[in-house]
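Results of the structural survey
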Amino acid sequence: TTVDAGVLVVIAAGNDGPLTTIGDPGRASKVITVGAANDLNELTTYTSIGPTSPGADEDVKPDLVAPGGSSFRSGILAADSNTADGDSTSFADVIANDYANLQGTSMATPFVAGSLALMIDALQQSGTSWSFGSSAQPLFLKMLLSASATELNQEREQGEDNSPTLGRAAAPKDRFEGHGILNPDAAIEAELNELDDESAA
């Protein structure tokens, strides 16, 4: 309903691991559901997988992945919640308003939301006004972001189950990585470049 009102909705896939299915609202077909990759472009051990049999208002999920941080690689530097500077809640927050090193699909999701904000800005700078009258523009940007993603084509980190497979033409989207890892530069380029019409020549 929100997407039908012209609003882009970006949802974290969840951190329940390679054997647990993404829950609601990430299963909804029109939202953009985001899994997590590490800094070697491998699916993280924690990122959840899509449903085997999506329902009528669902889709193959996730849609794509973005950097989410990893216990085995680098984390994502995030704004501090000012609760604790250590893993233990009994360890006091020594410095207020500093940063925290985190991981999760909730860390990956802002990369996609920020990319979409840049895509909206590029659209508006090219003269297209955003309309809140239908799902047409949110689904257009979702399509561009998905089409410009790059398949990981690697084993999941630590040899965990359910690694993505190279799909390309036959099955370009799978329930482990979706279309692949976010590539915002390619999405914006696809959005702005005009194709030559050879039939007009």
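Above: the structure in question.
What you see is a predicted model, and the numbers here were worked out from it, not measured in a lab.

1. Comments concerning the nonpolar core
Formed by 19 residues in total, the largest nonpolar core has its most connected members in Val112, Leu116, Met119, Leu141 and Leu145. Those elements that provide at least two residues to this core are β2 (32-37), β3 (64-67), α1 (105-125), α2 (136-147) and α3 (184-192). No other element matches the 6 residues that α1 contributes to this core. Not counting residues within four places of it along the chain, the set of residues in contact with Val112 comprises Val10, Ile32, Val34, Leu64, Ala66, Leu145 and Leu182. In terms of nonpolar packing, the next biggest core, distinct from the first, is built from 7 residues, Ala37, Leu43, Ile49 and Val65 among them.

2. Some points on the pattern of salt bridges
Here the structure, examined in full by the defined rule, presents 6 salt bridges. Here Lys61 and Asp63 are joined by a salt bridge, their closest N and O atoms 2.7 Å apart. Like Asp63, Lys61 is buried. Note that Asp63 is salt-bridged to Lys173, the shortest N-O span being 2.7 Å.

3. Some words on unusual backbone geometry
Of the consecutive residues Asp24 and Pro25, the connecting peptide bond is found in the cis state with omega at 5°. Along the chain, the position of Pro25 falls in the loop between β1 (10-12) and β2. Here the residue pair Lys61 and Pro62 is connected by a cis peptide bond, since its omega of 0° sits within 30 degrees of zero. Take Pro62: it is sitting in the loop between β2 and β3. Residue Asn41 is not a glycine yet carries a positive backbone phi of 60°. Of note, Asn41 is situated in the loop between β2 and β3. Residue class for Asn41 comes out partly exposed when judged on its relative accessible area of 35%.

The rules behind these values
Residues numbered from 1 in each chain as written. Predicted model: local features only at pLDDT ≥ 70, side-chain atom pairs only at ≥ 80, totals over all residues. Heavy atoms only, no water. Core = buried A, V, L, I, M, F, W, Y, C linked by side-chain atoms within 4.5 Å. Buried < 20%, exposed > 50% of the residue type's maximum accessible area, 1.4 Å probe, protein only. Helix = DSSP H or I, 4+ residues; strand = E, 2+ residues; numbered from the N terminus. Contact = heavy atoms within 4.5 Å. Salt bridge = Lys/Arg side-chain N within 4 Å of Asp/Glu carboxyl O.

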